[in-house]
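Single-letter residue listing:
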Amino acid sequence: MFRRTYLGLEICRDGLRAIAVQRKGLGTALLGGQTLRLSEGVVCPVVQEPNILKPDAFIDAVREVLMPLAKGEERIAVALPDAAGHIFILDLDTPFKNRSEGEQIVRWRLKDLLPDKLSEIAVDYQILEERESGSKRVLASVVSRDVLTQYEELLMKAGFAPCLIDFHALNLYSAYRTIVDLEADFLLIGVDNSQLSMLAFENKLLDFYRVKSVVHDPEQIFQELNRTMVGYRRAHAAVSRSTVYLHTDWPQREELCEAVRAAFERDIKLFPSPLGPLSGSGKLAISTAEASGMAVALGLAERMIPRVNG
(Lines give C-alpha, C1' and ligand atoms only; values in the text may rest on other atoms or scores of the structure.)
Protein backbone atom coordinates (compact mmCIF):
# COMPACT_ATOMS: atom_id res chain seq x y z
CA MET A 1 0.00 0.00 0.00
CA PHE A 2 1.34 3.40 -0.99
CA ARG A 3 1.32 6.09 1.69
CA ARG A 4 1.62 9.83 1.20
CA THR A 5 4.72 11.61 2.46
CA TYR A 6 4.31 14.79 4.49
CA LEU A 7 7.14 17.32 4.48
CA GLY A 8 8.03 20.05 6.96
CA LEU A 9 10.76 22.62 6.29
CA GLU A 10 12.08 25.16 8.77
CA ILE A 11 14.03 28.10 7.35
CA CYS A 12 16.52 29.67 9.77
CA ARG A 13 19.07 32.42 9.37
CA ASP A 14 21.89 29.88 9.42
CA GLY A 15 20.35 26.76 7.94
CA LEU A 16 17.48 24.52 6.89
CA ARG A 17 15.84 21.70 8.84
CA ALA A 18 13.53 19.22 7.14
CA ILE A 19 11.44 16.25 8.28
CA ALA A 20 9.44 13.67 6.31
CA VAL A 21 6.71 11.58 7.96
CA GLN A 22 3.95 9.17 6.97
CA ARG A 23 0.79 8.07 8.72
CA LYS A 24 1.04 4.71 10.48
CA GLY A 25 -2.22 3.56 12.04
CA LEU A 26 -3.25 6.24 14.49
CA GLY A 27 0.33 7.47 14.83
CA THR A 28 3.15 8.92 12.76
CA ALA A 29 6.15 7.17 11.25
CA LEU A 30 9.39 9.06 10.67
CA LEU A 31 10.83 8.61 7.19
CA GLY A 32 13.88 10.77 7.69
CA GLY A 33 15.31 14.15 8.53
CA GLN A 34 17.94 16.43 7.04
CA THR A 35 19.73 19.56 8.19
CA LEU A 36 21.88 21.86 6.12
CA ARG A 37 23.96 24.83 7.27
CA LEU A 38 23.73 27.89 5.02
CA SER A 39 26.67 30.14 4.30
CA GLU A 40 26.49 33.58 5.85
CA GLY A 41 24.29 36.06 4.01
CA VAL A 42 21.99 33.63 2.21
CA VAL A 43 19.02 34.31 4.53
CA CYS A 44 18.63 37.61 6.37
CA PRO A 45 15.28 37.69 8.21
CA VAL A 46 13.85 41.21 8.32
CA VAL A 47 10.33 42.57 8.23
CA GLN A 48 10.40 45.11 5.41
CA GLU A 49 12.66 43.68 2.68
CA PRO A 50 13.04 40.36 0.83
CA ASN A 51 14.92 37.93 3.07
CA ILE A 52 16.85 35.81 0.57
CA LEU A 53 19.99 37.65 -0.50
CA LYS A 54 21.45 34.77 -2.53
CA PRO A 55 18.50 33.17 -4.36
CA ASP A 56 20.46 30.57 -6.33
CA ALA A 57 22.24 29.31 -3.20
CA PHE A 58 18.90 29.13 -1.38
CA ILE A 59 17.24 27.14 -4.18
CA ASP A 60 20.15 24.69 -4.28
CA ALA A 61 19.99 24.28 -0.49
CA VAL A 62 16.24 23.58 -0.50
CA ARG A 63 16.69 20.92 -3.16
CA GLU A 64 19.61 19.36 -1.30
CA VAL A 65 17.73 19.08 1.99
CA LEU A 66 14.31 18.05 0.65
CA MET A 67 14.91 15.91 -2.44
CA PRO A 68 16.24 12.88 -0.50
CA LEU A 69 13.10 12.95 1.68
CA ALA A 70 10.37 13.89 -0.76
CA LYS A 71 9.70 10.60 -2.60
CA GLY A 72 7.98 12.59 -5.33
CA GLU A 73 5.92 14.75 -2.95
CA GLU A 74 5.88 18.45 -3.81
CA ARG A 75 3.62 19.91 -1.13
CA ILE A 76 5.38 21.23 1.94
CA ALA A 77 4.69 23.11 5.16
CA VAL A 78 7.17 25.88 5.89
CA ALA A 79 8.21 27.82 9.00
CA LEU A 80 9.72 31.23 8.36
CA PRO A 81 12.02 32.92 10.89
CA ASP A 82 9.96 34.86 13.45
CA ALA A 83 12.00 37.97 12.61
CA ALA A 84 10.46 37.96 9.11
CA GLY A 85 7.03 39.06 10.36
CA HIS A 86 4.78 39.80 13.31
CA ILE A 87 2.37 37.84 15.50
CA PHE A 88 -0.48 39.49 17.43
CA ILE A 89 -3.17 38.24 19.80
CA LEU A 90 -6.18 40.49 19.25
CA ASP A 91 -9.55 40.88 20.97
CA LEU A 92 -12.18 41.79 18.39
CA ASP A 93 -15.50 43.22 19.54
CA THR A 94 -16.88 43.65 16.03
CA PRO A 95 -18.74 40.51 14.90
CA PHE A 96 -18.05 39.09 11.44
CA LYS A 97 -19.86 36.48 9.36
CA ASN A 98 -17.10 35.02 7.20
CA ARG A 99 -13.33 34.82 6.80
CA SER A 100 -13.13 37.75 4.39
CA GLU A 101 -14.96 40.06 6.81
CA GLY A 102 -12.75 38.83 9.61
CA GLU A 103 -9.59 39.66 7.67
CA GLN A 104 -10.77 43.20 7.02
CA ILE A 105 -11.47 43.73 10.73
CA VAL A 106 -8.06 42.28 11.66
CA ARG A 107 -6.35 44.58 9.14
CA TRP A 108 -8.16 47.58 10.59
CA ARG A 109 -7.08 46.65 14.13
CA LEU A 110 -3.47 46.23 12.99
CA LYS A 111 -3.15 49.73 11.52
CA ASP A 112 -1.78 51.27 14.72
CA LEU A 113 0.34 48.26 15.65
CA LEU A 114 2.50 47.88 12.55
CA PRO A 115 5.52 49.94 11.44
CA ASP A 116 4.55 52.95 9.31
CA LYS A 117 6.96 52.01 6.51
CA LEU A 118 5.75 48.41 6.17
CA SER A 119 4.67 47.74 2.60
CA GLU A 120 1.56 45.84 1.55
CA ILE A 121 1.00 43.00 3.99
CA ALA A 122 -0.30 39.45 3.88
CA VAL A 123 -2.50 38.61 6.87
CA ASP A 124 -3.68 35.26 8.17
CA TYR A 125 -5.58 34.61 11.37
CA GLN A 126 -7.18 31.88 13.41
CA ILE A 127 -9.91 32.20 16.00
CA LEU A 128 -8.68 31.24 19.45
CA GLU A 129 -11.90 31.90 21.34
CA GLU A 130 -15.48 32.87 20.56
CA ARG A 131 -17.45 34.42 23.39
CA GLU A 132 -21.22 34.49 23.98
CA SER A 133 -21.23 38.25 23.37
CA GLY A 134 -19.98 37.64 19.82
CA SER A 135 -16.52 39.03 20.49
CA LYS A 136 -13.56 36.91 19.48
CA ARG A 137 -9.91 36.48 20.37
CA VAL A 138 -7.76 35.80 17.31
CA LEU A 139 -4.15 35.01 16.55
CA ALA A 140 -3.00 37.12 13.60
CA SER A 141 0.14 36.48 11.55
CA VAL A 142 1.49 39.34 9.45
CA VAL A 143 4.23 39.39 6.84
CA SER A 144 5.16 41.82 4.10
CA ARG A 145 3.74 40.74 0.76
CA ASP A 146 7.18 41.17 -0.84
CA VAL A 147 8.80 38.94 1.80
CA LEU A 148 6.18 36.23 1.46
CA THR A 149 6.18 36.30 -2.34
CA GLN A 150 9.94 35.88 -2.51
CA TYR A 151 9.87 32.81 -0.24
CA GLU A 152 6.99 31.29 -2.22
CA GLU A 153 8.57 31.90 -5.62
CA LEU A 154 11.98 30.52 -4.65
CA LEU A 155 10.48 27.42 -3.04
CA MET A 156 8.49 26.78 -6.21
CA LYS A 157 11.62 27.24 -8.33
CA ALA A 158 13.22 24.58 -6.13
CA GLY A 159 10.37 22.25 -7.12
CA PHE A 160 8.14 22.47 -4.04
CA ALA A 161 4.70 23.96 -3.45
CA PRO A 162 4.27 25.62 -0.04
CA CYS A 163 0.68 25.07 1.07
CA LEU A 164 1.16 26.06 4.71
CA ILE A 165 3.45 28.91 5.77
CA ASP A 166 3.83 29.88 9.40
CA PHE A 167 6.42 31.08 11.90
CA HIS A 168 8.93 29.14 13.99
CA ALA A 169 7.59 29.62 17.53
CA LEU A 170 4.00 28.70 16.73
CA ASN A 171 5.06 25.24 15.59
CA LEU A 172 6.80 24.33 18.83
CA TYR A 173 3.33 23.78 20.26
CA SER A 174 2.45 21.50 17.34
CA ALA A 175 5.52 19.33 17.94
CA TYR A 176 4.77 18.79 21.64
CA ARG A 177 0.99 19.05 21.79
CA THR A 178 0.48 15.42 22.90
CA ILE A 179 2.40 16.35 26.06
CA VAL A 180 1.21 19.88 26.80
CA ASP A 181 -2.46 19.24 26.00
CA LEU A 182 -2.64 17.35 29.29
CA GLU A 183 -2.47 20.75 31.02
CA ALA A 184 -5.00 23.59 31.07
CA ASP A 185 -2.52 26.33 32.00
CA PHE A 186 1.11 26.13 30.96
CA LEU A 187 4.10 28.10 29.69
CA LEU A 188 6.07 26.89 26.70
CA ILE A 189 9.59 28.30 26.71
CA GLY A 190 11.72 27.67 23.63
CA VAL A 191 15.46 28.33 23.50
CA ASP A 192 16.30 27.40 19.96
CA ASN A 193 19.75 28.34 18.66
CA SER A 194 19.77 32.14 19.15
CA GLN A 195 16.06 32.72 19.82
CA LEU A 196 14.02 32.77 23.01
CA SER A 197 10.30 32.05 22.55
CA MET A 198 7.70 32.53 25.27
CA LEU A 199 4.14 31.25 24.86
CA ALA A 200 1.62 31.27 27.71
CA PHE A 201 -1.56 29.19 27.54
CA GLU A 202 -4.58 29.73 29.78
CA ASN A 203 -7.46 27.25 29.69
CA LYS A 204 -5.66 25.60 26.76
CA LEU A 205 -5.77 28.84 24.74
CA LEU A 206 -2.72 30.84 23.66
CA ASP A 207 -2.80 34.00 25.76
CA PHE A 208 0.69 35.49 25.34
CA TYR A 209 3.41 35.33 22.69
CA ARG A 210 6.86 36.88 22.48
CA VAL A 211 10.15 36.09 20.75
CA LYS A 212 13.56 37.62 21.40
CA SER A 213 17.00 37.20 19.82
CA VAL A 214 19.55 36.03 22.39
CA VAL A 215 23.12 34.81 22.66
CA HIS A 216 24.16 31.43 24.11
CA ASP A 217 24.18 32.71 27.68
CA PRO A 218 21.89 31.27 30.40
CA GLU A 219 22.17 34.51 32.38
CA GLN A 220 20.65 36.46 29.49
CA ILE A 221 17.80 33.93 29.30
CA PHE A 222 17.14 34.44 33.02
CA GLN A 223 17.09 38.25 32.62
CA GLU A 224 14.83 38.18 29.55
CA LEU A 225 12.33 35.83 31.18
CA ASN A 226 12.21 38.02 34.27
CA ARG A 227 11.66 41.20 32.27
CA THR A 228 9.04 39.65 30.02
CA MET A 229 6.98 37.99 32.72
CA VAL A 230 6.75 40.96 35.14
CA GLY A 231 3.72 42.52 33.47
CA TYR A 232 2.11 39.22 32.60
CA ARG A 233 2.27 38.01 36.19
CA ARG A 234 0.42 41.12 37.42
CA ALA A 235 -2.54 40.45 35.13
CA HIS A 236 -2.53 36.65 35.39
CA ALA A 237 -2.26 35.36 38.93
CA ALA A 238 -2.73 31.78 37.70
CA VAL A 239 0.67 31.88 36.01
CA SER A 240 2.25 31.15 39.38
CA ARG A 241 0.66 27.69 39.20
CA SER A 242 1.19 27.03 35.50
CA THR A 243 3.42 24.17 34.42
CA VAL A 244 6.61 25.42 32.75
CA TYR A 245 7.85 23.41 29.78
CA LEU A 246 11.26 24.00 28.20
CA HIS A 247 12.32 23.17 24.66
CA THR A 248 15.93 23.68 23.66
CA ASP A 249 18.43 22.53 21.06
CA TRP A 250 21.39 23.71 23.14
CA PRO A 251 23.83 20.81 23.70
CA GLN A 252 24.71 22.04 27.22
CA ARG A 253 21.39 22.11 29.08
CA GLU A 254 22.14 22.06 32.81
CA GLU A 255 22.84 25.79 33.25
CA LEU A 256 19.96 26.74 30.96
CA CYS A 257 17.51 24.59 32.94
CA GLU A 258 18.73 26.19 36.14
CA ALA A 259 18.25 29.68 34.69
CA VAL A 260 14.65 28.92 33.70
CA ARG A 261 13.94 27.35 37.10
CA ALA A 262 15.28 30.46 38.81
CA ALA A 263 13.21 32.78 36.60
CA PHE A 264 9.96 31.02 37.48
CA GLU A 265 11.00 29.91 40.99
CA ARG A 266 9.76 26.36 40.46
CA ASP A 267 10.64 23.07 38.84
CA ILE A 268 10.33 22.87 35.07
CA LYS A 269 9.72 20.06 32.64
CA LEU A 270 12.36 19.65 29.93
CA PHE A 271 10.84 18.23 26.78
CA PRO A 272 12.25 14.89 25.64
CA SER A 273 13.30 14.45 22.01
CA PRO A 274 10.20 15.05 19.87
CA LEU A 275 11.34 12.30 17.50
CA GLY A 276 11.54 9.65 20.21
CA PRO A 277 7.87 8.49 20.16
CA LEU A 278 7.80 8.15 16.35
CA SER A 279 8.03 4.80 14.67
CA GLY A 280 11.26 4.70 12.66
CA SER A 281 13.01 7.32 14.78
CA GLY A 282 16.02 5.02 15.04
CA LYS A 283 16.80 5.85 11.42
CA LEU A 284 18.29 9.15 12.51
CA ALA A 285 21.57 8.61 14.33
CA ILE A 286 21.70 12.10 15.85
CA SER A 287 22.17 13.57 19.31
CA THR A 288 19.31 14.60 21.61
CA ALA A 289 20.06 18.28 20.98
CA GLU A 290 20.02 17.77 17.20
CA ALA A 291 16.74 15.84 17.43
CA SER A 292 15.21 18.64 19.53
CA GLY A 293 16.32 21.09 16.86
CA MET A 294 14.02 19.26 14.43
CA ALA A 295 10.92 19.95 16.55
CA VAL A 296 9.54 22.76 14.39
CA ALA A 297 10.00 20.81 11.15
CA LEU A 298 8.23 17.85 12.75
CA GLY A 299 5.37 20.03 13.96
CA LEU A 300 4.96 21.34 10.42
CA ALA A 301 5.01 17.90 8.81
CA GLU A 302 2.38 16.57 11.21
CA ARG A 303 0.15 19.58 10.57
CA MET A 304 0.15 18.62 6.90
CA ILE A 305 -1.59 15.29 7.57
CA PRO A 306 -5.13 16.59 8.22
CA ARG A 307 -4.61 19.44 5.74
CA VAL A 308 -3.79 17.14 2.83
CA ASN A 309 -6.32 14.47 3.76
CA GLY A 310 -9.09 16.76 4.93
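Residues numbered from 1 in each chain as written. Predicted model: local features only at pLDDT ≥ 70, side-chain atom pairs only at ≥ 80, totals over all residues. Heavy atoms only, no water.

1. Quick look at the sheet that holds strand S5 (residues 85-92)
Where we set the bar: Paired strands are those between which DSSP finds at least two bridges. Secondary structure elements follow DSSP: runs of H or I of four or more residues count as helices, runs of E of two or more count as strands, with numbering from the N terminus. For helices, the fitted line uses only the C-alpha atoms of the stretch in contact; every axis is such a line through C-alpha atoms, and the angle between N-to-C directions lies from 0 to 180 degrees. Whether two residues touch is decided by their heavy atoms; if any such pair falls within 4.5 Å, the residues are in contact.
The three strands lie next to each other as S5-S7-S6, forming an open sheet whose pairing is antiparallel. Of all strands in the sheet, those bounded by a partner on one side alone are S5 and strand S6 (121-130). Each adjacent strand pair in this sheet contributes to an overall mean axis angle of 20°, direction not counted. In the sheet, S5 pairs with strand S7 (residues 136-144) via eight bridges, with the strands oriented antiparallel. Bridge pairing in S7 places Ile 87 opposite Ser 141. Most of the contacts of helix H2 (residues 99-110) go to S6, to which it runs at about 105°, and overall it touches S5, S6 and S7.

2. Some details on the nonpolar core
Note the following rule: Here, nonpolar core refers to any group of buried Ala, Val, Leu, Ile, Met, Phe, Trp, Tyr and Cys residues whose side-chain atoms link them within 4.5 Å. Only protein chains enter the calculation, and the probe is 1.4 Å; a residue is then buried if its accessible area is under 20% of its type maximum, exposed if over 50%, and partly exposed in between.
Counting 69 residues, the largest nonpolar core has Leu 9, Ile 11, Leu 16, Ile 19 and Phe 58 as the members making the most contacts within it. Setting aside residues up to four positions removed in sequence, Leu 9 forms contacts with Leu 16, Arg 17, Ala 18, Val 65, Leu 66, Ile 76, Ala 77, Val 78, Ala 79, Leu 155 and Leu 300. Residues Phe 208, Val 239, Ala 263 and Ile 268 belong to the second largest nonpolar core, which totals 22 residues.

3. Regarding helix H4 (residues 170-180)
The periodicity of an α-helix, 3.6 residues per turn, causes residues three or four places apart in sequence to face the same way. Burial runs high along H4: eight of the 11 residues are buried. By the burial criterion, the buried members of H4 are Leu 170, Asn 171, Leu 172, Tyr 173, Ser 174, Ala 175, Tyr 176 and Val 180.

4. Examining the sheet that holds strand S12 (residues 243-248)
In any sheet, the strands associate via hydrogen bonds between backbone groups, in a parallel or an antiparallel arrangement. Taking strand neighbours across the sheet as the criterion, the five strands line up as S11-S10-S9-S12-S13 in an open arrangement whose pairing is mixed. Among the strands making up the open sheet, the edge pair consists of strand S11 (205-213) and strand S13 (269-270). Bridge count for strand S9 (residues 186-192) against strand S10 (residues 195-202) is seven bridges, and the pairing is antiparallel. What sits directly across from Gly 190, in S10, is Ser 197. Packed onto the sheet, H4 meets S9, S10, S11 and S12 and runs at close to 130° relative to S9.

5. Remarks on the pairing of S11
Two strands pair when backbone bridges link them, and S10 and S11 are joined in this way by eight bridges, in the antiparallel orientation. From the neighbouring strand, Ala 200 faces S11, where its bridge partner is Phe 208. Here S10 folds back onto S11, and the loop between the two strands holds two residues, one of which, Asn 203, carries a positive phi near 55°.

6. Section: the side chain of Asn 171
Rule in force here: Each polar contact in these results corresponds to two N or O atoms within 3.5 Å; when the atoms are within protein, one needs to be able to donate a hydrogen and the other to accept it, and residues that are neighboring in sequence are counted only if both atoms are side-chain atoms.
Note on placement: Asn 171 falls in helix H4. On the basis of relative accessibility, which here comes to 0%, the residue Asn 171 falls in the buried class. Polar side-chain contacts of Asn 171 include one of 2.8 Å to the side chain of Arg 303. Excluding residues that lie within four positions of it along the chain, Asn 171 makes contacts with Ala 79, Asp 166, Ala 295, Val 296, Gly 299, Leu 300 and Arg 303.

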